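If you want the building blocks of each chain, they are given just below.
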Protein chains: 2
Amino acid sequence: MSSLRNSKQRDAVLQNLSERYDHPTAEEVYISVKKVIPSVSLATVYRNLKLLESEGMILKITTPDSDRFDGHTHEHYHFTCNSCKRVLDLELSDGISVNTLPKNFGGTITGHELMFYGLCESCNKI
Amino acid sequence: MSSLRNSKQRDAVLQNLSERYDHPTAEEVYISVKKVIPSVSLATVYRNLKLLESEGMILKITTPDSDRFDGHTHEHYHFTCNSCKRVLDLELSDGISVNTLPKNFGGTITGHELMFYGLCESCNKI
DNA sequence: ATTGATAATGATAATCATTATCGTTAACGT
DNA sequence: ACGTTAACGATAATGATTATCATTATCAAT
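The rules we used
Residues numbered from 1 in each chain as written. Chains lettered and ligands numbered in written order. Predicted model: local features only at pLDDT ≥ 70, side-chain atom pairs only at ≥ 80, totals over all residues. Heavy atoms only, no water. Helix = DSSP H or I, 4+ residues; strand = E, 2+ residues; numbered from the N terminus. Buried < 20%, exposed > 50% of the residue type's maximum accessible area, 1.4 Å probe, protein only. Contact = heavy atoms within 4.5 Å. Near = heavy atom within 4 Å. Polar contact = N/O pair within 3.5 Å; in protein donor to acceptor, adjacent residues only side chain to side chain. Axes fitted to C-alpha atoms, helices over the stretch in contact; angles between N-to-C directions. Left-handed = near helix turned anticlockwise from the far one by under 90°. Nonpolar A, V, L, I, M, F, W, Y, C, P; charged D, E, K, R; others polar. Buried area = accessible area lost by both parts, 1.4 Å probe. Salt bridge = Lys/Arg side-chain N within 4 Å of Asp/Glu carboxyl O. Pairing = 2+ DSSP bridges. Core = buried A, V, L, I, M, F, W, Y, C linked by side-chain atoms within 4.5 Å.

1. Overview of the overall build of chain A
- Each helix and strand in chain A was counted, giving 4 helices and 5 strands.
- In chain A, the succession of α and β elements from N to C terminus is α-α-α-β-β-β-β-β-α.
- The burial tally for chain A puts 44% of its 126 residues in the buried class.
- Of the contacts formed within chain A by residues at least 6 apart in sequence, a portion of 39% connects residues at least 24 apart.

Right under this line is the structure:
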């Protein structure tokens, strides 16, 4: 069977994401990785982001505005500013209700969306 | 200032969404509305979905696979099947923890993502 | 009812993020 | 080293969404 080979491009993508906390887009990761490996291709960044996500090493965060990536995979939540579109981390204390909005946060929260993932009943049976 | 005028195309979009619970894509809404107004344009469906969402009359649900629409705006949550990509409603009892997964559900839940929306601290000040 | 202003439409071109293709390069087991 | 093939860089293709624009429909004022 095929297995993963080492790739400095993939290492650079993963390292960049592990160093930052601003939830960059694929394009923004590309710009950063280019500073370390100037010859890197945008397609390679997309390829490795997808691969790393499928391996569970990074998270893809889908917002209404853009897809973003997060190198920190511990359980935590996110906030999107409707104005500047930035994505911030929100750490909720364990067991907090989704109806109890975080207090230690200078912004204003006007809504939230909770999405569960898994297998539906019919796909479960297959 | 400008104000909204009546439009049977917009009414048809809104009515279609209010009748269904399957969280259709824009294309799927278009197919349905076309059965009522055969001359309707896909662009008109997109325009009205955006307009209705900005008016708070429908919800846009962004999933990793596609954007979907929901005509039912009361607070509730969603489940995306990783296999068939369907989006289902999940009603959580009030105050339930995000760590307590719903029981009345035939599928398997493997993860979840919680996104808050609003204004960040710096945009708040503007 | 008619008119005038303009919101809304239908058709389609343009945009843009992402993916596919393909010839070349590089990782690594033998 | 060598051969196999995963991974790459470059770029074309794709597909969902948005922009454009000439035409039509809404509706307040006459």
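2. A short note on the protein's contact with DNA strand C
- Within the structure, DNA strand C sits among 21 residues, and Y46 of chain A together with R5, S7, T44 and R47 of chain B are positioned closest to it.
- For DNA strand C, the fraction of atoms within 4 Å of the protein that belong to sugar or phosphate moieties is 64%.
- A distance of 2.2 Å is found between a phosphate oxygen of DNA strand C and a side-chain nitrogen or oxygen belonging to Y46 of chain A.
- Mapped by element, the contributors of at least two residues to the surface near DNA strand C are α3 (42–54) of chain A together with α1 (8–19) and α3 (42–54) of chain B.

3. Considering the packing of helix α2 (residues 26–36) of chain A against α3 of chain A
Residue and element names in this part refer to chain A.
- Put simply, α2 and α3 touch, their axes get as near as 9 Å, and they point 115° apart. The hand of the α2/α3 crossing is right-handed. Along the contact surface, α2 presents A26, E27, V29 and Y30, while α3 presents L42, V45, Y46 and L49.
- Grouping the amino acids of the contact of α2 with α3 by side-chain chemistry returns 7 nonpolar, no polar and 1 charged.

4. Focus: the interface of chain B and chain A
- Each partner contributes to the interface: chain B provides 46 residues, whereas chain A provides 46 residues.
- Regarding the contact of chain B and chain A, the summed buried area is about 4,300 Å², with carbon and sulfur atoms giving 58% of it.
- Among the residues of chain B in contact with chain A, E113, F116 and Y117 of chain B are the three that bury the most area, contributing 20% of the side total.
- At the junction of chain B and chain A, the tally comes to 0 salt bridges.
- On inspection of chain B and its partner chain A, the count reaches 26 residue pairs in polar contact (both at pLDDT 80 or more).
- For the side of chain B that touches chain A, the element with the highest residue contribution is strand β5 (residues 108–119) of chain B, accounting for 12 residues.
- Grouping the amino acids of the side of chain B that touches chain A by side-chain chemistry returns 22 nonpolar, 18 polar and 6 charged.
- Across 4 bridges, the pairing between strand β3 (residues 77–81) of chain A and β5 of chain B is parallel. For C81 of chain A, the partnering residue across the bridge sits in β5 of chain B and is G118 of chain B.

5. Quick word on the nonpolar core
- Counting residues in hydrophobic clusters, the biggest one holds 20 residues, and the most contacted among them are F79, L114 and F116 of chain A together with F79, L114 and F116 of chain B.
- Mapped onto this core, the elements with two or more residues apiece are β3 and β5 (108–119) of chain A together with β3 (77–81) and β5 of chain B.

6. Section: the protein's contact with DNA strand D
- The environment of DNA strand D is made up of 21 residues, and the closest members are S7, T44 and R47 of chain A together with R5 and Y46 of chain B.
- The sugar-phosphate portion of DNA strand D accounts for 64% of its atoms within 4 Å of the protein, the bases making up the rest.
- Residue R10 of chain A places a side-chain N or O atom 3.4 Å away from a phosphate oxygen belonging to DNA strand D.
- Between DNA strand D and N48 of chain A there is a distance of 3.3 Å, counted from a phosphate oxygen to a side-chain nitrogen or oxygen.

On their own, these measurements won't tell you what the molecule is for.
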